[in-house]
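# Summary of structural features
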Amino acid sequence: MRSLLSLIGAIALSLAAYFAASALLLNKPVTYDSITRMMDRKIAYANSLPSPKLVLIGGSGVRTSHRCDIFSADLHMPCINGGATVGLGLNYLFAEYRPFLKAGDTVYLPLEYQQYLITRPAMLTGPDAAILFRKDWRQLARSRSPAGPRQARANSATRAALSSRSPASSTGAGRAASA
Amino acid sequence: MLFNSVAFLIYFLPAALALFYLAARLGGGEAARWTLIAASFFFYAYTLPWHLLLLVGSLLINFQAGRWIEAADGDRRWWLAAGFVALNLGLIAWFKYLNFLIGTVSVALGFDPHFLAIALPLAISFFTFQQIAYLVNAYRGQSLQPTISEYMSFVAFFPHLIAGPLVQHSDIIPQFRDPRTYRFDADRFTAGLTVFLLGLAKKVVLADQFGVYADVTFNGVARAVDPTLWEAWGGILAYTLQLYFDFSGYSDMAIGLGLMFGIVMPVNFNSPYKATSIIDFWNRWHMTLSRFLRDFLYIPLGGSRKGPLRRYVNLIITMLLGGLWHGAAWTFVLWGGLHGAYLCVNHGFRAVAKGVRGRAVTVAGWALTFLAVALAWIPFRAHDLSATGRILGGAFAAHGAALPTELLDKLPFLRLFGAPLGKLPLAADGTNLGFLSMWLLLAFGLALVWFAPNIKQMSEKTRRWMIAASFALVIQKVFFSGTISSFLYFRF
């Protein structure tokens, strides 16, 4: 029985060390720190732009293949490239950008295919959760399954964006009518 | 059902353990064995239920065949044993090798092959060969004359049913006859649970990550992309480590599960990458298969009793068939043939250089053995012989040597080892950070297999620390990664 207690102690130590390291030291893993900083910069920039504006949301495909300077020049509106990395789930991205969307803004969503497929367990333990664990644990605690309230709001925003009257809506762009 | 699946860990295992010890308490060993057999059948049928019919049919026929062989004598005994061994081999030939034969003959004759729609039953190589061993033992008069429940418990015991360790009935049946097996022992259970958790960590934390790297290289080569030097070696070393951690992790889990049910199973791995010769390697790698091949193939062929030339021929035949046992493909035959050739060279070297000893020789032997084993894993993993050739060419810089430009800009001395290239598509999905991570993890994995003690060698205290280091990562991978990977040896 003593050996069993010792094993349980090792298991408890492992879990405690994992949570402590994630919360206090490593920001699981270290590279998420740079993603967090990048997102903070993008969100601060989005917050500073006047409306109407163009907001690109997606993964690294958006970040590395879309140029806001060209969009801005062609469309005559400010633009923020919100593309980050494919590992970030839609819940997190929509929750981050939604407060800065205003009536008349256009949201362009050339999402990565994998972003539609992120499972709930992966979402609650992946980069989103790692970042939120340090940055906004309340939002993480409020997170629900993809069918939960936060996802429902996100889905609603997506549907609104995709069903907008914009001619570009068929390619994934739309106007955040309700924002 | 996979040992690393939520269904197994949360539902099946606790239920099977509880029912086993409850049945033992209420109905004794016989009731516990039938409970275990029922649990094992459920475990086996979980993925493809109809294959259970094959397993049960095979168990019943071979059990009865053993009885008939024991009761017979003279020529009749020989014919019965030969007939039922042939029946078992025929079964495995039908399910595993028929399409291979059709493909090979069709190509040789210039026809379009018409393959039959035959699904390979899970674990057929394992449960068939264990039963062949039982029949041979019965023929030799070495059977322990098990009851039907003892026999089925020995073959179908779910911890070793799918991928070993390959056990003989004399290893297991005496334990099922021992009343102490059926009494719950907290220390024995804890020892089993510890070994199981460490094996699970090997699989889900280490093997699966190395598997990601290996897949990028080998799958890329299968799409006819030629690997450069570091891409090829990244893939080769990643697979070398993946296979070891995957299979030895599975074996540790099986041994741990066995202990949780009161059954001690033979060790299957003993730090094989520390081997200082190929002979030594085969005494450390998949030890129960080595024992099986030695006892039921190499020695009956004559072993080393008929002169050195015959010994080499026997070695080659044994290893070729050992390769074919792993899978019906020429790549496995090549792998077996390579190891047969290695063993011949090793035995030949020992014969002519008996007095050559010393630390330098040991270190050189270890390095050469590891290199030879790693290169032989190429055909074992590659999609076909053409892909084998391309990776082998890459490993010897036939397609050039390149390193990520970004890395060379920061560490210019590395230009000695490769030309700058923007991305290396066959290494870690072509990301530069991934390339670095891959080589750091490969270095960590190699350090583990070369210098760390294996689970059997660890003290209880060390095992606890290993649990503390790995358990949370296991939880993350099993419950939250969203993917459960199969074991490499399940396909054999």
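Residues numbered from 1 in each chain as written. Chains lettered and ligands numbered in written order. Predicted model: local features only at pLDDT ≥ 70, side-chain atom pairs only at ≥ 80, totals over all residues. Heavy atoms only, no water.

## Some thoughts on the overall build of chain A
For chain A, the helix and strand inventory stands at 10 helices and four strands. Within chain A, buried positions represent 46% of all 179 residues. Partitioning the contacts of chain A with sequence separation of at least 6, the portion at a separation of at least 24 is 75%. Counting every atom, chain A has about 9,400 Å² of accessible surface; 62% of that belongs to carbon and sulfur. (Helix = DSSP H or I, 4+ residues; strand = E, 2+ residues; numbered from the N terminus. Buried < 20%, exposed > 50% of the residue type's maximum accessible area, 1.4 Å probe, protein only. Contact = heavy atoms within 4.5 Å. Areas by Shrake-Rupley, 256 points an atom, 1.4 Å probe, with all protein chains shown as cover.)

## Brief notes about the overall build of chain B
A tally of regular secondary structure across chain B gives 18 helices and two strands. For a compact globule of 492 residues, the expected C-alpha radius of gyration is about 23 Å, and chain B comes in at 24 Å, within 12% of that figure. If you line up chain B on its principal axes, its C-alpha atoms span 75 × 55 × 55 Å. At a minimum sequence separation of 6, the contacts of chain B that also span at least 24 residues come to 74%. With an accessible surface of roughly 21,000 Å², chain B has 68% of that area assigned to carbon and sulfur atoms. Across chain B, the mean location of the 37 positive side-chain charges is 7 Å away from that of the 23 negative side-chain charges. (Rg over C-alpha atoms; globule rule 2.2 N^0.38 Å. Lys, Arg positive; Asp, Glu negative; His and termini not counted. Charge placed at Lys NZ, Arg CZ, Asp CG, Glu CD.)

## Describing the side chain of H339(B)
All names here are of chain B. Relative to the assigned elements, H339 resides in helix α13 (residues 330-352). A relative accessible area of 0% places H339 in the buried class. Not counting the four nearest positions on each side in its chain, H339 is found in contact with I278, F281, W282, M319, V373 and A376.

## Considering the pattern of salt bridges
If the charged atoms of two oppositely charged side chains come close together, the side chains can form a pair. Residues and elements named next belong to chain B. On inspection of all chains with the given rule, the structure shows 16 salt bridges over all chains. Notably, a salt bridge pairs E30 with R33, separated by 2.6 Å at the nearest N-O pair. Here E30 pairs with R33, and both are found in helix α1 (residues 6-45), just three residues apart, close to one helical turn. Note on R33: relative accessible area 7%, which makes it buried. We note a salt bridge from R291 to D171, for which the minimum N-O separation is 2.7 Å. Highlighted residues: R291 in helix α11 (residues 287-298) and D171 in helix α7 (residues 169-176), separated in sequence by 120 residues. (Salt bridge = Lys/Arg side-chain N within 4 Å of Asp/Glu carboxyl O.)

## Some remarks on the interface of chain B and chain A
Counting from both sides, the interface comprises 20 residues of chain B and, opposite them, 17 residues of chain A. Counting the surface lost from both chain B and chain A, the interface buries some 1,500 Å², and carbon and sulfur atoms represent 71% of this. When the buried surface of chain B facing chain A is broken down by residue, R464(B), A472(B) and F480(B) rank first, second and third, together holding 30% of it. Among the elements of the structure, α8 (186-222) and α18 (460-480) of chain B are those that each provide at least two residues to the side of chain B that touches chain A. Per-element tally for the side of chain B that touches chain A: the top contributor is α18(B), with 12 residues. Of the residues contributing to the side of chain B that touches chain A, the split by class is 13 nonpolar, five polar and two charged. (Buried area = accessible area lost by both parts, 1.4 Å probe. Nonpolar A, V, L, I, M, F, W, Y, C, P; charged D, E, K, R; others polar.)

## Description of the side chain of R188(B)
Residues and elements named next belong to chain B. By the element assignment, R188 lies in helix α8. Comment: no salt bridge for buried R188; closest opposite-charge side chain is D185, at 5.1 Å. Once residues lying within four places of it in the same chain are set aside, the contact partners of R188 are Y21, R180, T181, R183, L259 and G262.

## Side note on the state of the cysteines
All names here are of chain A. Scanning the entire structure with this criterion turns up one disulfide over all chains. What pairs with C68 in a disulfide is C79, and their sulfur atoms sit 1.9 Å apart. Between C68 and C79, the S-S dihedral sits near -55°, and the bridge is therefore left-handed. Of this pair, C68 sits in helix α4 (residues 68-75) while C79 sits in strand β2 (residues 79-81), placing them 11 residues apart in sequence. (Disulfide = S-S within 2.5 Å.)

## What about the domain arrangement of chain B?
When the parts come together, some accessible area is lost, and that loss is often what is quoted as the size of the interface. Residues and elements named next belong to chain B. On domain assignment, one finds that chain B holds domain 1 (6-184) and domain 2 (190-482). Summarising the inter-unit geometry, the C-alpha centres of domain 1 and domain 2 are found 28 Å apart. Taken together, the 37 residues of domain 1 in the interface contact 33 residues of domain 2. Roughly 3,100 Å² of surface becomes buried between domain 1 and domain 2 when both sides are summed, with 74% attributable to carbon and sulfur atoms. Of all residues in domain 1, the largest losses of buried area upon contact with domain 2 belong to F100, P165 and L166, amounting jointly to 20% of the total for that side. (Domains from an automatic or database assignment.)

## A closer look at the nonpolar core
If you look at the biggest cluster of nonpolar residues, it comprises 161 residues, and the most contacted ones within it are F3(B), F8(B), F158(B), F196(B), W285(B) and W377(B). Ranked by residues supplied to this core, first place goes to helix α9 (residues 229-260) of chain B with 18 residues. Counting residues domain by domain, this core receives three or more from each of domain 1 (6-184) and domain 2 (190-482) of chain B. The contact partners of W377(B), leaving out residues within four places of it in the chain, are Y239(B), T240(B), L243(B), Y273(B), F281(B), W285(B) and W335(B). Core analysis: the second largest hydrophobic core is formed by 21 residues, I43(A), V55(A), I57(A) and V107(A) among them. (Core = buried A, V, L, I, M, F, W, Y, C linked by side-chain atoms within 4.5 Å.)

## A few points about the packing of α11(B) against helix α12 (residues 308-326) of chain B
All names here are of chain B. With their axes 11 Å apart at the nearest point, α11 and α12 run at an angle of 125° to one another. Between α11 and α12, the angle is such that the two are oblique. Our pair here, α11 against α12, has a crossing hand that is right-handed. In this structure, α11 uses L289, L293, L297 and Y298 to contact α12, whose residues at the interface are R311, N314, L315, T318, L321, G322, W325 and H326. When its residues are assigned to classes, the contact of α11 with α12 shows seven nonpolar, four polar and one charged. (Axes fitted to C-alpha atoms, helices over the stretch in contact; angles between N-to-C directions. Parallel < 35°, antiparallel > 145°, perpendicular 65-115°, else oblique. Left-handed = near helix turned anticlockwise from the far one by under 90°.)

## What to know about the environment of P404(B)
Residue and element names in this part refer to chain B. Examined against the element boundaries, P404 turns out to sit in strand β1 (residues 402-404). Each C-alpha atom, one on P404 and one on F176, is 58 Å from the other, the two residues being 228 residues apart in sequence. Once residues lying within four places of it in the same chain are set aside, the contact partners of P404 are L421, G422, L424, N432 and F435.

## Describing unusual backbone geometry
Of the consecutive residues S51(A) and P52(A), the connecting peptide bond is found in the cis state with omega at 0°. Among the structural elements, P52(A) can be located in the loop between α2 (31-48) and β1 (54-56). Residue H76(A) is not a glycine yet carries a positive backbone phi of 55°. The backbone of H286(B) shows a phi angle near 40°, a positive value even though the residue is not glycine. Here H286(B) is to be found in the loop between α10 (278-282) and α11.

## Side note on the packing of helix α3 (residues 74-109) of chain B against α12(B)
Residue and element names in this part refer to chain B. Remark: α3 packs on α12, axes separated minimally by 10 Å, with the N-to-C direction vectors making an angle of 105°. With respect to their mutual orientation, α3 and α12 come out roughly perpendicular. Note on element contacts: α12 touches α3 through L324, W325 and H326, opposite K96, Y97 and F100. Across the contact of α3 with α12, the residue classes tally to four nonpolar, one polar and one charged.

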